[in-house]
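Residue-level structural notes
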Amino acid sequence: MPTTTRLLDGPVSVVAYRCEAALADPPCEEQHGAWSLSYVRQGSFGCRTRGRAYELIPGSLLAGRPGDEYLCTHDHSACGDACLAFFFAPEVADEIGRRSAVWQSGGVPPLAELVVLGELAQHSATGGNDLGLAEVGLAEVGLALASRFVGALAGRKREPLAPTPTDRRRAVASAMWIAAHAAEPIDLATLAARSGQSPFHYLRVFGAVLGVTPHQYLIRCRLREAAQLLADEDRSITDVALDAGFADLSNFVRSFGRAAGISPRGYRRAARGDRKIFQERLAGLA
């Protein structure tokens, strides 16, 4: 039996799977319970479904259609496998393109446009950047992966969205709400529901109107708050990070350093009149 770690719940849910099956282990018969895409991170396994056999290696995807049965085998690898699986609610999958003939159960070879997003998803899931688990970022990557999957296999790109006046009003209202609640945990399902839109359409509208994703704007709101606290308050760097909405200190220091070009401590010194650190950096550009 594979071990599972549930990373995210909602219209887009995410589960990390690890299977330790050996060559001698019997095949495992399963059934897809939802529209899904599983990104193979490590190892390899075979899949037989709908009269076809697939061999999946790192970078491959296993696509799932609800109700389809499949048989997993480990005929060529004794090391098992590890996957990051995205499950999409019916209304989300419908909007992305589940009715397209390309979303069938089976294996998808490593495609350049998919492996990059798969690695971004894995990096996000392991806390390697500031996307976070329970926030908007990991769901955004999952939706982007699904949209790119459908587009790549259908050989077409989704037409750019032309926002309506209502779209623009909703996007601005959502951005203002994010700014007012940036220190709180915020997830994609909540943002979409508040706007009266599906998660996928909400992401498209927000990006088309404002030029950034909801998650990008959320992080920038937190950075703005942190910059204000660093300049105006005497509280510790850790307290600033937590009060601004960052999950931990290392996450905050990394994000702030990338944005400001200096550490939070250096920014605090500069905000209080010590411009030497900026002068040194400018001199280095000469």
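Residues numbered from 1 in each chain as written. Predicted model: local features only at pLDDT ≥ 70, side-chain atom pairs only at ≥ 80, totals over all residues. Heavy atoms only, no water.

1. Considerations on a nonpolar patch on the surface
Taken together, Val172, Met176 and Leu210 make up a surface patch of nonpolar side chains, about 270 Å² in accessible area. The topology assignment puts Met176 in helix 4 (residues 165-180). (Patch = residues over 30% accessible without salt bridge, like charges linked within 9 Å, V, L, I, M, F, W, Y side chains within 5 Å. Areas by Shrake-Rupley, 256 points an atom, 1.4 Å probe, with all protein chains shown as cover. Salt bridge = Lys/Arg side-chain N within 4 Å of Asp/Glu carboxyl O. Helix = DSSP H or I, 4+ residues; strand = E, 2+ residues; numbered from the N terminus.)

2. A word on the layout of surface pockets
Empty space within the second largest pocket amounts to approximately 640 Å³. Around the second largest pocket, the lining comprises 29 residues; the ones closest to its centre are Pro2, Tyr17, Glu30, Tyr70 and Cys72. Those elements giving two or more residues to the lining of the second largest pocket turn out to be strand 2 (12-19), strand 3 (28-31), strand 4 (35-43), strand 8 (69-73) and strand 9 (81-88). Its residues placed into classes, the lining of the second largest pocket shows 15 nonpolar, eight polar and six charged. (1 Å grid on protein atoms, 1.4 Å probe; cavity = no way out; pocket = protein on both sides within 12 Å on 5 of 7 lines; lining within 4 Å. Points joined across faces, edges and corners; volume = space filled by probe spheres on them. Nonpolar A, V, L, I, M, F, W, Y, C, P; charged D, E, K, R; others polar.)

3. Brief notes about helix 7 (residues 214-232)
Its 19 residues give helix 7 an end-to-end C-alpha distance of 27 Å, which sits within 8% of 27 Å, the value for a rise of 1.5 Å per residue. For helix 7, every residue scored as buried is listed here: Pro214, His215, Leu218, Ile219, Cys221, Arg222, Leu223, Ala226, Ala227, Leu229 and Leu230. (Expected span 1.5 Å × (residues − 1). Buried < 20%, exposed > 50% of the residue type's maximum accessible area, 1.4 Å probe, protein only.)

4. Overview of the confidence of the model for the protein
Looking at the protein as a whole, its pLDDT mean stands at 85, while 87% of the residues score no less than 70. No element of the protein has a lower mean pLDDT than helix 11 (residues 276-285), at 55, and none a higher one than strand 7 (residues 61-64), at 95. (pLDDT = per-residue confidence, 0-100.)

5. Thoughts on unusual backbone geometry
The residue Arg50 is not glycine, and still its phi comes out positive at about 50°. Positionally, Arg50 belongs in the loop between strand 5 (45-49) and strand 6 (52-56).

6. Considerations on the sheet that holds strand 9
Ordered in space as 1-2-9-4-7-10, the six strands form an open sheet in which the pairing is antiparallel. Strands with a single pairing partner mark the edges of an open sheet, and in this sheet they are strand 1 (3-8) and strand 10 (106-108). Geometrically, the sheet is characterised by an average inter-axis angle of 25° between neighbouring strands, direction not taken into account. In the sheet, strand 7 pairs with strand 10 via three bridges, with the strands oriented antiparallel. Of the residues in strand 10, the one forming a bridge with Leu62 is Gly107. (Pairing = 2+ DSSP bridges. Axes fitted to C-alpha atoms, helices over the stretch in contact; angles between N-to-C directions.)

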